[in-house]
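Coordinates in review
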Amino acid sequence: MTREFDPVKLSVLANAFDGIVREMTSGLLRSARSSVINTARDFSCAVLTADNQLLAAAEGVPVHVFGAGPPGRRHG
C-alpha cells in the first residue's frame, strides 16, 4: 500500500505546529519570573512525536531541544 504525498496537508500541519510552538514561547515569556528567560531567552520550545522525533521547534537556543524527551523516560 502506497501513501500519496499531499503537499497542502503537509503545509497546513507544519504551520499548525509552528503556531503551537510560537504560542508556547509567548506563554513562557509572559509567565517567566527569571531574567534569564525574559532577557537572554535561554530556553527552547518544541513539539516532539511519541518516539522522540522533532516536529517543530521555536526560535531560541536549540541545544535544549535535543535533550528533550518524554517525561518519565530515561535515556541511555
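On a predicted model such as this, the values are computed, not experimentally measured, just so you know.

1. Regarding the overall build of the protein
- When helices and strands are tallied, the protein shows two helices and two strands.
- Reading the protein from its N terminus to its C terminus gives the helix and strand order α-α-β-β.
- Split by element, the accessible area of the protein, about 6,200 Å² in all, is 56% carbon and sulfur.

2. Let's talk about helix H1 (residues 7-31)
- Counted at 1.5 Å a residue, the expected span for H1 with its 25 residues is 36 Å, and the 36 Å between its end C-alpha atoms agrees.
- Within H1, burial applies to Gly-19, Val-21, Thr-25 and Leu-29.
- In this structure, the buried side of H1 is in contact with helix H2 (35-40), strand E1 (46-48) and strand E2 (54-57).
- Where H1 begins, the capping side chain belongs to Asp-6, and its oxygen is found 3.2 Å from the backbone nitrogen of Val-8.

3. Side note on the side chain of Thr-25
- Along the chain, Thr-25 turns up in helix H1.
- With relative accessibility at 10%, the residue Thr-25 sits in the buried group.

4. Considerations on the pairing of E2
- Taken together, the three bridges between E1 and E2 define a ladder with antiparallel strand orientation. Looking across to E2, one finds that Leu-48 is bridged to Leu-54.

5. Notes on the nonpolar core
- Counting nine residues, the largest nonpolar core is built from Val-21, Leu-29, Ala-32, Ile-37, Phe-43, Cys-45, Val-47, Ala-56 and Ala-58.
- Residue contacts for Ala-32: discarding those within four places in its chain leaves Ile-37 and Asn-38.

6. Remarks on unusual backbone geometry
- The phi dihedral of Asn-52 falls on the positive side, at around 70°, and the residue is not glycine.
- Relative to the helices and strands, Asn-52 resides in the loop between E1 and E2.
- The exposure class of Asn-52 is partly exposed, given its relative accessible area of 26%.

7. As for the pattern of salt bridges
- Taken as a whole and judged by the stated rule, the model has one salt bridge.
- Residue Arg-22 pairs with Asp-18 through a salt bridge whose shortest N-O separation is 2.3 Å. Note that Arg-22 and Asp-18 are positioned in helix H1 at a spacing of four residues, about one turn of the helix.

What counts and what doesn't
- Residues numbered from 1 in each chain as written.
- Predicted model: local features only at pLDDT ≥ 70, side-chain atom pairs only at ≥ 80, totals over all residues.
- Heavy atoms only, no water.
- Helix = DSSP H or I, 4+ residues; strand = E, 2+ residues; numbered from the N terminus.
- Areas by Shrake-Rupley, 256 points an atom, 1.4 Å probe, with all protein chains shown as cover.
- Expected span 1.5 Å × (residues − 1).
- Buried < 20%, exposed > 50% of the residue type's maximum accessible area, 1.4 Å probe, protein only.
- Contact = heavy atoms within 4.5 Å.
- Polar contact = N/O pair within 3.5 Å; in protein donor to acceptor, adjacent residues only side chain to side chain.
- Pairing = 2+ DSSP bridges.
- Core = buried A, V, L, I, M, F, W, Y, C linked by side-chain atoms within 4.5 Å.
- Salt bridge = Lys/Arg side-chain N within 4 Å of Asp/Glu carboxyl O.

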